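Coordinates in review
The residues making up each chain are set out below.
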Amino acid sequence: MKRFPIFMSLVAVLCAVGGERVRGQSSARPLAFRAGEELTYTAGYASTMLTTDVATVTFRLSEGRMEGGPAYRIWAQGVTKPFFSVFFRVNDVYETWLDTATLRPLYATSDIQEGNYRYRSRQWFDWTKGEVRTYGKNQKKGYERGRTMSIGESDFDPVAHFFNLRNLPSIGTMRKGEAGFLNLVMIDTIRRIRYVYQGREIINAPATGQVRCLKFSCQLATGDAQSFKDGSEFLIWISDDANRIPIYMETPIRVGRVQATLTGWKNLAHPFSSQLVDGGKRK
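Now for a quick tour of the structure. Everything quoted here is computed from the prediction, not taken from an experiment.

A word on the pattern of salt bridges. Under the definition given, this model contains 9 salt bridges. A salt bridge links Arg-145 to Asp-188; its shortest N-O distance comes to 2.6 Å. Here Arg-145 is found in strand S8 (residues 144-150), whereas its partner Asp-188 is found in the loop between strand S10 (179-185) and strand S11 (190-205), with 43 residues between them in sequence. For Arg-145, a relative accessible area of 41% puts it in the partly exposed group. Note that Asp-240 is salt-bridged to Arg-244, the shortest N-O span being 3.8 Å. Judged by relative accessible area, Asp-240 falls into the buried class, the value being 17%. You can call Arg-244 buried: its relative accessible area is 14%. By sharing partners, the salt bridges in this structure join Asp-111, Arg-120 and Arg-122 into a single network.

Structural data, given as structure tokens:
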């Protein structure tokens, strides 16, 4: 699949920091999330002259069963705001099921609608065999594609990475300038992300106010070659507390930048202790 959809690009950015699987994390220490959690982001475009909110991205977490065992069901949707839907309508829906014991993905789906583009994909993870079976179809043109690929311990779909990274003990102890990699499982390839820890910063956003964050710079490899030359680059800030929530991200474009900001949160597993107001904790 040569096209990299708008929402997929945003999810890749939001899940861009990680690279090791959390072993036994569900029993060794409290998870950074819990069933019922909901995170909402506003995505838009910003330049020196204009800032425009274009789309909303929502993640919802619940509990269920998959393959006969307990699992977390993660539902995510990216949709354009009503005004912009007149010009270019986006309604992308992703769903991933995670094993509750290992947080590894079991099954992942996507249904993408962006303008006239329609694409549906499915991924089945078999960790006993160490492989993933994929299927994708262009709904408008009828093109179908599928592949079976070998996978390692941390080769996940983007949504699974989003939730796994939040539980990595190493996130809060990295040294400034320290780098790492993770792998994103796509329909016909596995793409790499390189990330570098840039240190701690305070982000000030309208919905959250001031938030203490861990800052990372990230780069998405280009295609099958896994080259980072001219690959997509972006920055991401993650809350410096037990929730490890992505607070803000931005990626430069030719004129201005694309950005996503946390605008809503419900049923967090831990107090939002990194949130500040005038140097004190937000009430």
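From this point, the narrative continues.
Turning to the packing of aromatic side chains, a few remarks are in order. One pass over the full model with this rule turns up 14 aromatic pairs. Residues Tyr-195 and Phe-216 carry aromatic rings whose centres are separated by 6.3 Å and whose planes lie at 70 degrees to one another, so their mutual orientation is edge-to-face. Linking Tyr-195 in strand S11 with Phe-216 in strand S12 (residues 209-222), this pair joins segments that are 21 residues apart in sequence. By relative accessible area, Phe-216 is classed as buried at 0%. Relative to Phe-216, the ring of Tyr-197 lies with its centre 5.3 Å away and its plane at 50 degrees, an arrangement referred to as tilted. With Tyr-197 in strand S11 and Phe-216 in strand S12, this residue pair connects regions lying 19 residues apart in the sequence.

Further remarks concern the side chain of Gln-275. Here Gln-275 lies in strand S16 (residues 275-277). Its relative accessible area of 8% is what places Gln-275 among the buried residues. Side-chain polar atoms of Gln-275 contact the backbone oxygen of Thr-208, separated by 2.9 Å.

Okay, the environment of Ile-245 next. Among the structural elements, Ile-245 can be located in the loop between strand S13 (227-239) and strand S14 (246-252). Overall, Ile-245 belongs to the buried group, its relative accessible area being 0%. For the pair Ile-245 and Phe-33, spaced 212 residues apart in the sequence, the C-alpha separation amounts to 9.3 Å. Apart from residues lying up to four places away in sequence, Ile-245 is in contact with Leu-39, Tyr-41, Arg-166, Trp-237, Ile-238, Ser-239, Leu-262 and Leu-268.

Let us now look at the pairing of strand S5 (residues 105-114). Judged by how many residues are buried, S5 sits mostly within the fold: 7 of 10 residues are covered. Strand direction decides the pairing type here: strand S4 (residues 91-99) and S5, joined by 6 bridges, are antiparallel. In the sheet register, Trp-97 faces S5, and the bridge partner there is Tyr-107. Linking S4 back to S5 in an antiparallel pair, the connection comprises 5 residues, with Leu-103 at a positive phi of about 65 degrees. Two elements, S5 and strand S6 (residues 117-126), share 8 bridges in a ladder whose sense is antiparallel. Residue pairing across strands places Ser-110 opposite Ser-121, the latter belonging to S6. A loop of 2 residues connects S5 with S6, the two strands running antiparallel in sequence, and Gly-115 in this loop sits at a positive phi of about 60 degrees.

Attention now goes to unusual backbone geometry. Peptide bonds are, in most cases, trans, and in most cases residues other than glycine have a negative phi. With phi around 50 degrees, Arg-244 is a residue other than glycine that occupies positive phi space. Counting through the fold element by element, Arg-244 comes out in the loop between S13 and S14. Non-glycine residue Asn-267 carries a positive phi angle of around 55 degrees. Residue placement: Asn-267 occurs in the loop between strand S15 (257-266) and S16.

So, on to the pairing of S10. A large share of S10 lies buried, amounting to 5 of its 7 residues. The pairing of strand S9 (residues 155-156) with S10 spans 2 bridges and is parallel. The partner of Asp-155 across the bridge, within S10, is Asn-183. Tracing the backbone out of S9, into helix H4 (residues 158-164) and back to the parallel element S10 gives a crossover that is right-handed. Here 7 bridges tie S10 to S11, and the two strands are oriented antiparallel to one another. Bridge pairing in S11 places Asn-183 opposite Arg-192.

Each value, and the rule that gives it
Residues numbered from 1 in each chain as written. Predicted model: local features only at pLDDT ≥ 70, side-chain atom pairs only at ≥ 80, totals over all residues. Heavy atoms only, no water. Salt bridge = Lys/Arg side-chain N within 4 Å of Asp/Glu carboxyl O. Helix = DSSP H or I, 4+ residues; strand = E, 2+ residues; numbered from the N terminus. Buried < 20%, exposed > 50% of the residue type's maximum accessible area, 1.4 Å probe, protein only. Phe/Tyr/Trp six-rings, centres within 6.5 Å; stacked < 30°, edge-to-face > 60°. Polar contact = N/O pair within 3.5 Å; in protein donor to acceptor, adjacent residues only side chain to side chain. Contact = heavy atoms within 4.5 Å. Pairing = 2+ DSSP bridges. Right-handed = clockwise from strand over helix to strand, strands pointing away.

Honestly, it's all geometry; don't read function into it.
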